Amino acid sequence: MTALVLREDRDGCATLTLNRPDKLNALNVELFEALERHVDAIAGQTGEVGLVIVRGAGRCFSAGHDLNDIAAGEKPPRPHFQASVIEKLASLPPPVITAVHGHCYTGALELALAGDLIVCAEGARFADTHARWALTPVWGMSQRLPRRVGLPKAREMMFTARTYGGREAEAMGLANICWPDADFDRELEALARTILANSWFSHRANKALLNETDGLPLAAGLSYEIARSRGVGPDMAARIAAFQNKTAKVS
């Protein structure tokens with residue numbers, strides 16, 4: 001049986017690929033079960049994994065929640081299962097990049113919003129179509145989307161159910177970066193190398209601070225940062241020494 005989520009590790013980057021290309025990577029319970037197994041494994045491998053990329057196989061990231069599964073009546077292993085898997089992904093200690101090409105609709109957008117960064121190709125297509133099918137979100141759309149794009153734009157996306165291209169997603173802040181389709185894989189790899197070259201300790205600490213203080217008033221957030229900062233990483237001395245040696249050679 002073909003794995004519904006593939007994992008590839010390279011130089012500290014774990015790439016998780018949604019792998020139902022014949023179904024446009026539509027999200028069913030079995031795919032979420034496979035995704036959860038990988039996310040649980042990565043959560044215990046912070047020394048080996050400094051970055052996670054989630055992407056889709058074939059023509060797109062994902063067409064969204066499998067409507068056939070909805071119509072047939074899903075049987076998840078526990079209540080609120082898919083939402084809990086998305087939250088686990090969002091809460092991973094290392095940074096998470098969602099890399100979107102092609103479709104990214106509704107449930108797929110809720111999954112994509114778990115990424116610390118969303119990057120996309122120009123040909124990407126984003127939409128929240130809950131209202132088209134008389135559905136309401138239970139995987140995080142109503143909370144994560146307005147935090148990403150602002151409440152007015154979230155209302156627009158949710159009320160119109162219209163589709164937005166890659167450049168539109170970048171302009172509204174839904175996507176951090178949009179690249180030409182032909183450059184997508186190359187630029188994604190370059191971004192991963194840039195992030196991985198920095199301190200994994202700092203990435204984990206900074207992500208934790210951002211998540212733990214999200215929504216706090218400024219004064220409370222500043223107090224939290226002072227009191228809960230994780231301080232100096234074990235690689236600080238080596239990084240400073242390497243920089244000093246490099247500048248000494250240049251001079």
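The rules we used
- Residues numbered from 1 in each chain as written.
- Predicted model: local features only at pLDDT ≥ 70, side-chain atom pairs only at ≥ 80, totals over all residues.
- Heavy atoms only, no water.
- Disulfide = S-S within 2.5 Å.
- Buried < 20%, exposed > 50% of the residue type's maximum accessible area, 1.4 Å probe, protein only.
- Helix = DSSP H or I, 4+ residues; strand = E, 2+ residues; numbered from the N terminus.
- Pairing = 2+ DSSP bridges.
- Core = buried A, V, L, I, M, F, W, Y, C linked by side-chain atoms within 4.5 Å.
- Contact = heavy atoms within 4.5 Å.

Named according to an unreviewed UniProt entry, the chain is Enoyl-CoA hydratase/isomerase family protein originating from Camelimonas abortus.

K.L.:
Quick question: what am I supposed to make of the state of the cysteines here?
P.N.:
Linking two cysteines covalently via their sulfur atoms produces the bond known as a disulfide. Using the criterion set out here, one finds zero disulfides in the structure. Take cysteine 178: it sits in no disulfide, and the sulfur closest to it among the cysteines is that of cysteine 120, at 3.9 Å.

K.L.:
Is there a simple way to explain the pairing of strand β4 (residues 96–100) in this structure?
P.N.:
On a regular strand, one side chain projects to one face of the sheet and the next to the other, so that they alternate. A large share of β4 lies buried, amounting to five of its five residues. A two-sided burial pattern is seen for β4, the buried positions comprising Val96, Thr98 and Val100 on one face and Ile97 and Ala99 on the other. As judged from the three bridges shared by strand β3 (residues 51–56) and β4, these two strands associate in the parallel manner. Following the sheet pairing, valine 52 is matched in β4 by valine 96. Taken together, the four bridges between β4 and strand β6 (residues 117–121) define a ladder with parallel strand orientation. Across the sheet, alanine 99 pairs through a bridge with valine 119, a residue of β6.

K.L.:
How do you make sense of the nonpolar core when you look at a structure like this?
P.N.:
Soluble globular proteins tend to pack their nonpolar side chains together in the buried interior. Counting 48 residues, the largest nonpolar core has Phe61, Val100, Phe126 and Leu174 as the members making the most contacts within it. Examining the composition of this core, we find that seven residues originate from one element, helix α1 (residues 29–43), more than from any other. Dropping the residues within four chain positions of it, leucine 174 is found in contact with Leu109, Leu113, Ile118, Phe126, Leu145, Arg148, Val149, Met157 and Ala169. Grouped together as the second largest cluster of nonpolar side chains are 14 residues, Trp179, Phe184, Leu191 and Ala192 included.

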